[in-house]
Every structure is written in structure tokens, then in C-alpha cells.
Amino acid sequence: MLRNIEAIVGEIEKAKNILVVGHIMPDGDDISSVLSMVIALERLGKNVRGVIDYEIPAYLEEFPGVKDKIKSYDCIKEFPAELIISVDASSPDRIGRVYDHFKFARSIVIDHHATNTYFGNINWVEMYGATAQMVMRINKMLGVEYDKELATANLLGIATDTGFFKYSNTDATVFEDVAWLVGKGGDIAFISNMILENRPLEHILLYKDFLDVMKLDYNNTIAYSHITLDMLKKYDIKPKDSPSFVGDLRSIKGVEVAITFTEAEENEFHVSMRSKSWFDVSKVAVHFGGGGHPRAAGFSINTDNIEKTEQEVIDTIKKLMESYK
Ligand code: 5GP
Ligand code: MN
Ligand code: MN
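Residues numbered from 1 in each chain as written. Chains lettered and ligands numbered in written order. Predicted model: local features only at pLDDT ≥ 70, side-chain atom pairs only at ≥ 80, totals over all residues. Heavy atoms only, no water.

### Thoughts on the site of ligand 1
Okay, so step 1: Ligand 1 sits among 15 residues. The nearest are His113, His270, Ser272, Arg274 and Gly291.
Okay, so step 2: The separation between an oxygen atom of ligand 1 and a polar side-chain atom of Arg274 is 2.8 Å.
Okay, so step 3: A distance of 3.4 Å separates an oxygen atom of ligand 1 from a polar atom in the backbone of Gly298.
Okay, so step 4: Relative to its unbound accessible surface of 490 Å², ligand 1 loses 85% to contact with the protein.
Okay, so step 5: Elements that contribute at least two residues to the shell around ligand 1 include exactly strand E10 (268-275), strand E11 (291-292) and strand E12 (296-302).
Okay, so step 6: In terms of residues, the shell around ligand 1 owes the most to one element, E12, which gives 5 residues.
Okay, so step 7: In terms of residue class, the shell around ligand 1 is made up of 3 nonpolar, 10 polar and 2 charged. (Near = heavy atom within 4 Å. Polar contact = N/O pair within 3.5 Å; in protein donor to acceptor, adjacent residues only side chain to side chain. Areas by Shrake-Rupley, 256 points an atom, 1.4 Å probe, with all protein chains shown as cover. Helix = DSSP H or I, 4+ residues; strand = E, 2+ residues; numbered from the N terminus. Nonpolar A, V, L, I, M, F, W, Y, C, P; charged D, E, K, R; others polar.)

As C-alpha cells, then:
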């Protein structure tokens, strides 16, 4: 793997016009990885653009630097990228239309998903807790100086992808990296306030309706529910700002697998899955054309009958659960 990092650093050093791309339906690790790579490359004097071909949810858009440094797809139409760096995306479909530009440039893939399809010219895929940790290593090798701004941007992804340092992906490396970033000024209290203590009241009200349609199955070890566009409309919540309650379902005593079905566009649902200790949800995700990690995975599915689709997914999970016996 060291060879890949060195090759990546070499490519970055050679290039002048660099595009850094994150995945659709961006999360904290994605935003953090794009942002900290863009800040670092700008400091090296590169002509760099950060791009995500998807709307950014408000709680991440408000994070310092995001509005300024991460743009929508249109900003790259005329951009003469020689090098494209994809961060935190496991397959080409996860970066939207930006993938069309891969044929005109060298490409680098930096990611921590076991389900990665190695779609770049150089691929560094390793099971870190967060892609942001990998970006930090590259930035250090490039000789970029860390200050409070960069350290906080980089820390965001490690905090969010490890559930603020408590998921099973929180290994010693996570704490070492966090200690280093906090030493450089990374502000974990600020991040936790922005992400955890900032829930719009409407999200809490929606949670009531979400619980009304929650179901349990398989001896109460599977919990699932859904959010439709109509449910969002009732509280004037935009689909891109739809809250994730999947962690709340998983937190129920005795639940091993939690699933939420969230309508992103009419009849198109994003399915989020989490498991607590032993069930591999990434297998279910791959089965339905998505991907992810053993404890957190997802996919998208088209349906005009959400109850029926829920049942299909639950049946698949139950069958897989049987095979563990
Ligand atoms: P979430 O449930 O938070 O959307 O995603 C959980 C994990 O699964 C993340 O690591 C994310 O990258 C991955 N994931 C979610 N949805 C998809 C999808 O549609 N395709 C792929 N390949 N991965 C997904
Ligand atoms: Mn990630
Ligand atoms: Mn991600």
C-alpha cells in the first residue's frame, strides 16, 4: 500500500490543475476528505476545485469552508483537470457525472470501503476508520502545514465516520490521528456542536411520524421504518436535509439490524442499514446494487410500493441471518 501512497503523492506533485471529487449523498467523511484535500492542495499552489455532484445537506454546508471550496457539477465543465482525485467513493456511480471526466484525465481513488471497485488509474483502498485519515497521510507526505482550519476540517470526517469515536472501526490509529490533529488545533467540541447539537426542531417532530410506521421483525432483532416525500413535506424539510434515524433504530435493546428507507426523489428510496455486532449489512447492500461496510451500508431502490419493498429487503436479511446459524 505504501507504494500506492507514494505514487499518489508523485502524481499530485506533477499536476497543476486538480479536481477533488466526493460522493453523492455526501456525509461528514466525504465533505471532510474533499475539504481538507482542497485546502492542502491550494496551499501547495495548485489550481484546484472541489466538486460533489449532489446537494449538500444544511448541517454540512454550514461547516466552515464548505460553501467556498466545494461546488456543484457545473463548476467543472470548463475546468482543465489533468488529475482527478476521488475520495470516500467505492464505485463510479457514487461520484455522479464527474465520472464522465475520468476519460480525459489521470485518476486517483482514495477510499476505505471493502466494496471498492478500483476505478482509478491509481487506487489506494485500505480499511481505515475514515477516508479523512488517508487524506491526512497524503497531506503530511506532501509537506502541507496543518493549522486550526485544516486540522478541524480533517478531524470532521474521522469524528463522523467513527460515530464520534465509538463504532467498531475506532482503532488505535484513529486515536493517534485524532491526537495529532487536536495537537494542531483541531476543534472537536466545535465539530460535535455543529453535528450533534444542531438538530432542527422539524427533524424531532418528524421522528414521531417515523416511529409511527416503524416495524420490528425476527424476534425484534430487525427494526425498520421509512420517510416518504409526503412525510418530509408536512414539516417543510427538503429531501437533501432529510435526517437519518437509522442509528436510533439500532440503539434499541436487542436489535441487531436497523434499516431506514428514505424517499430522495419520487419513488426512489435510499436504504440505510446498520448492524450492531455480528451481521454483515454490506452483503445485503451489494445484493441490491449498493455497497458499504459490515456495520454500515446502503443502496438506492425504485419502488411505488414501499411496504412491499421493505418486506423484500427484510426477507433477504432474514435469509442471510439464517445462514449464520
Ligand atoms: P448511509 O447509510 O449513511 O447512507 O451509508 C452507510 C455506508 O454505506 C457509507 O459508508 C456509504 O458509503 C455506503 N453506501 C450508502 N449508500 C450506498 C450506495 O448506494 N452505494 C454504495 N456503493 N455505497 C453506499
Ligand atoms: Mn467514509
Ligand atoms: Mn461517505
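### A word on the pattern of salt bridges
Okay, so step 1: Applying the stated criterion across every chain, the model contains 15 salt bridges.
Okay, so step 2: A salt bridge links Asp209 to Lys234, with the nearest nitrogen and oxygen atoms 2.9 Å apart. Here Lys234 lies in helix H10 (residues 229-234) and Asp209 lies in helix H9 (residues 201-212), a separation of 25 residues in the sequence.
Okay, so step 3: With a relative accessible area of 14%, Asp209 lands in the buried category.
Okay, so step 4: Since its relative accessible area comes to 57%, Lys234 is described here as exposed.
Okay, so step 5: Here Glu312 makes a salt bridge to Lys308, at a shortest N to O gap of 3.9 Å. (Salt bridge = Lys/Arg side-chain N within 4 Å of Asp/Glu carboxyl O. Buried < 20%, exposed > 50% of the residue type's maximum accessible area, 1.4 Å probe, protein only.)

### Here we look at the coordination of the manganese ion (ligand 2)
Okay, so step 1: Distances from the manganese ion (ligand 2) to its protein donors, namely Asp29 (OD), Asp88 (OD), His112 (NE2) and Asp161 (OD), fall within the range 2.2 to 2.3 Å.
Okay, so step 2: Sequence positions of the residues that donate to the manganese ion (ligand 2) give the spacing D-x58-D-x23-H-x48-D.
Okay, so step 3: Metal-to-metal, the separation of the manganese ion (ligand 2) and the manganese ion (ligand 3) is 3.6 Å; Asp88 coordinates the two. Placement of the pair is Asp88 in the loop between strand E4 (83-87) and strand E5 (106-111) and His112 in the loop between E5 and strand E6 (122-125), with a sequence separation of 24 residues. Each member of the pair, Asp88 as well as His112, carries the same accessibility label: buried. (Donors = N, O, S within 2.8 Å, 3.2 Å for Na, K, Ca; no water.)

### As for the packing of aromatic side chains
Both the distance between ring centres and the angle between the ring planes are used here to describe each pair of aromatic rings.
Okay, so step 1: The final tally for this structure, using the stated rule, is 15 aromatic pairs.
Okay, so step 2: Between Trp124 and Tyr128, the aromatic rings sit 6.1 Å apart at their centres with planes inclined by 80°, giving edge-to-face as the arrangement.
Okay, so step 3: Under the relative-accessibility criterion, Trp124 is labelled buried at 0%.
Okay, so step 4: A relative accessible area of 16% means that Tyr128 is categorised as buried.
Okay, so step 5: Pairing Phe288 with Phe299 gives two aromatic rings, centres 4.8 Å apart and planes at 10°, and the pair type is stacked. You can see Phe288 sitting in the loop between helix H12 (281-287) and E11 and its partner Phe299 sitting in strand E12, a full 11 residues away along the chain.
Okay, so step 6: The class of Phe299 is buried, set by a relative accessible area of 3%.
Okay, so step 7: Taken together, the ring pairs connect Tyr99, Phe102 and Phe119 into an aromatic cluster.
Okay, so step 8: Sitting over the face of the ring of Trp180, Lys140 holds its NZ or CZ atom 3.9 Å from the ring centroid.
Okay, so step 9: A cation over a ring is seen here: Arg250 above Tyr167, with NZ or CZ 5.0 Å from the ring centre. (Phe/Tyr/Trp six-rings, centres within 6.5 Å; stacked < 30°, edge-to-face > 60°. Lys NZ or Arg CZ within 6 Å of the ring centre and 35° of its normal.)

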